[in-house]
Amino acid sequence: MRFLHLSDLHIGKRLAGFSLLDEQRKILFDAIEECKKHETHVIVLAGDIYDVATPSQSATTLLSDFLIACNENHIEVLAIPGNHDSAERLGFVSSLLHREGIHIVSTIEESLKPIEIEDARFFLFPFFKHFDINHAFGKEFETYEEAASYLLSLLELSKDKANILVAHQTVLPRGKELKRSKSEDVVIGTIMNIDANLFKDFTYVALGHIHMEQQVADNAIYPGAIYKYDAAEANYEKNFHFVNIDKNGFQIEKVPILFEKDVRVIEGLFDDIIHQAGSEDYVFLRLLDEALVESPMEKARRVFPNCCGVFSAKIEREMALENEEIIDEDLPPLELLKRFYLWSEGKELSDYQLSVAQEILEGEDEE
């Protein structure tokens, strides 16, 4: 069988105040058209369907329009809530939708029941915290990994069909760093992380939560967010991931996602940048000017009406240098304080402030 693996739609998200609903609508309906071209009748949504737990009416309308279009084109949808979603809201009338081929699994208890389509079994794990598992099963797990391991032990995998897990968690590749962007909520090195090896018995693990496309195990894939949600993602590739699978393995066919309005970073001198051809793209400007530019955003939006931000490379360098000088454990405490104050306030400590600080530090030494 074949299915399309999507994640992190973040319907309703705004970029520097600009609504991205039009871009998101285009991408989602392009996904349906690509499914028709590739004779694909299943779409997997691996969490963060909405950007917030209480989405706007326009956001819910877009999801409704998308699901109706999927149904009209005989495409089944399998979806889970992510950490940005409200599981209760997303799971509303899920029993009714299930009859129409829209399978939304929003509770831990439902995740134990596989959804069988053709020669595949889909196990859908909504985003959970370890205490959610503790509450559901009367356990006392202290980490996400312990809770996930227990949940997996309750599943009955098939020997005759492909076993597919859909999950929205921080899954770490063994021995490698997880590639992250700045637009996701991820904490590395905490109880929230799960080792990818835990899912080794599945044919394919359809992950969501990380916005940068990557493979964290032989069988575990993050397709990345469907759009670029931060300046740091300007050069990221965005693709539709079509998964061809049977019980023996899988292959992925990538189809580039095309944007009407791209997210770009333009670097250069301000006068050179604003004399370029205008663009409707969402642009961030990184200025190489040594002198301060007056009202750069106001001027930039005459050429780039969707300008999202202006950054100074000079200030970035200065801040990096200042920060590096501050964090020097060999310096005396008073010198550290002086440098931190200069860095944060842009001025020197006064004589009075210095004397007060000195008295405090000397008092601590006496204790």
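For the structure itself, look to the data block above.
Fair warning: this is a prediction, and the values are worked out from it, not measured in the lab.

Caption draft 1: Geometry of the side chain of S7. In this fold, S7 is placed in the loop between strand 1 (2-6) and strand 2 (14-15). We classify S7 as buried; its relative accessible area is 1%. In this structure S7 touches A46, G47, L207, G208, P223, G224, A225 and I226, once residues within four positions along its chain are discounted.

Caption draft 2: A look at the environment of V77. As for its position among the elements, V77 is in strand 5 (residues 76-80). Considering only alpha carbons, one finds V77 and I43, 34 residues apart in sequence, at a separation of 4.9 Å. Beyond its immediate stretch of four places on either side in the chain, V77 contacts I43, L45, L67, C70, G101, I102 and H103.

Caption draft 3: Seen up close, the nonpolar core. By size, the foremost hydrophobic cluster in this structure holds 43 residues, and its most contacted members are L6, I11, I43, L45, F66 and F240. Listed by contribution, the elements that provide at least two residues to this core are strand 1, helix 1 (21-37), strand 4 (42-46), helix 2 (57-72), strand 5, strand 6 (102-104), strand 15 (239-246) and strand 18 (282-287). Ranked by residue count, the leading element in this core is helix 2, at seven residues. When near neighbours in sequence (up to four residues on either side) are disregarded, L45 contacts L6, L9, F66, V77, L78, A79, I80 and V166. A148, L152, F202 and V216 belong to the second-largest nonpolar core, a separate cluster that totals 28 residues.

Caption draft 4: Representation of the sheet that holds strand 17 (residues 263-268) in the model. Spatially, three strands are ordered 17-18-19 in an open sheet, and the strand pairing comes out parallel. Only two strands of the sheet have a single neighbouring strand rather than two, namely strand 17 and strand 19 (307-312). The mean angle between the axes of side-by-side strands here comes to 15°, regardless of whether they run parallel or antiparallel. Sheet analysis places strand 18 next to strand 19, joined by five bridges and oriented parallel.

Caption draft 5: Structural detail: the packing of aromatic side chains. Scanning the model with the defined rule gives twelve aromatic pairs in all. Measuring from centroid to centroid gives 5.5 Å for F3 and F122, while their planes differ by 75°, and the two rings are edge-to-face. Residue F3 is found in strand 1, and its partner F122 is found in strand 8 (residues 120-125); the two are separated by 119 residues along the sequence. For F3, a relative accessible area of 0% corresponds to the buried category. When the centroid spacing of 5.4 Å and the interplanar angle of 40° are considered together, the rings of F141 and Y150 count as tilted. Through pairs of rings, three or more aromatic residues link up here, namely F3, F122, Y204 and F250.

Caption draft 6: The sheet that holds strand 6, seen in detail. Pairing in this open sheet of six strands is mixed, and the strands run 6-5-4-1-15-16 from one edge to the other. Each of the sheet's edge strands pairs with one partner strand only, and the pair in question is strand 6 and strand 16 (249-256). If you compare each strand with its neighbour and ignore which way they point, the axes differ by 20° on average. Along the sheet, helix 1 contacts strand 1, strand 4, strand 15 and strand 16; its crossing angle with strand 15, the most-contacted strand, is approximately 35°. On top of the sheet, helix 2 reaches strand 4, strand 5 and strand 6; it is set at about 155° to strand 4, its chief contact.

Caption draft 7: Inspection of helix 6 (residues 144-153) at higher detail. Along helix 6, the residues classified as buried are Y144, A147, A148, L151 and L152. Take helix 6 and look down its axis: the buried residues cluster within an arc of 135°, on one side only.

Caption draft 8: Structural detail: the pattern of salt bridges. One pass over the full model with this rule turns up 15 salt bridges. A salt bridge links K36 to E33; its shortest N-O distance comes to 3.3 Å. Residue K36 and its partner E33 are both found in helix 1; the two are separated by three residues, about one turn of the helix. Taking the shortest distance from any N to any O, the salt bridge between E335 and K338 comes out at 3.7 Å. A residue pair is termed a helical-turn pair when its members lie 3 or 4 positions apart in one helix, as E335 and K338 do in helix 10 (residues 333-345) at three residues. Classification of K338 as partly exposed rests on a relative accessible area of 31%. Members of the salt-bridge network, linked through shared partners, are E116, R121 and K161.

Caption draft 9: How the structure looks around the side chain of N134. Structurally, N134 can be placed in helix 5 (residues 130-137). Of note is the side chain of N134, whose polar atom sits 3.5 Å from the backbone nitrogen of E140. The contacts of N134, once residues within four sequence positions are left out, are K139, E140 and F141.

Caption draft 10: Broad picture of the packing of helix 5 against helix 6. Following both chains from N to C, one finds helix 5 and helix 6 inclined at 45°, their axes separated by 8 Å at the closest point. One finds that helix 5 runs oblique with respect to helix 6. As helix 5 packs across helix 6, the resulting crossing turns out to be left-handed. Residues H130, I133 and F137 of helix 5 pack against Y144, A147, Y150 and L151 of helix 6.

Quick notes on the rules
- Residues numbered from 1 in each chain as written.
- Predicted model: local features only at pLDDT ≥ 70, side-chain atom pairs only at ≥ 80, totals over all residues.
- Heavy atoms only, no water.
- Helix = DSSP H or I, 4+ residues; strand = E, 2+ residues; numbered from the N terminus.
- Buried < 20%, exposed > 50% of the residue type's maximum accessible area, 1.4 Å probe, protein only.
- Contact = heavy atoms within 4.5 Å.
- Core = buried A, V, L, I, M, F, W, Y, C linked by side-chain atoms within 4.5 Å.
- Pairing = 2+ DSSP bridges.
- Axes fitted to C-alpha atoms, helices over the stretch in contact; angles between N-to-C directions.
- Phe/Tyr/Trp six-rings, centres within 6.5 Å; stacked < 30°, edge-to-face > 60°.
- Arc of directions from axis to C-beta.
- Salt bridge = Lys/Arg side-chain N within 4 Å of Asp/Glu carboxyl O.
- Polar contact = N/O pair within 3.5 Å; in protein donor to acceptor, adjacent residues only side chain to side chain.
- Parallel < 35°, antiparallel > 145°, perpendicular 65-115°, else oblique.
- Left-handed = near helix turned anticlockwise from the far one by under 90°.

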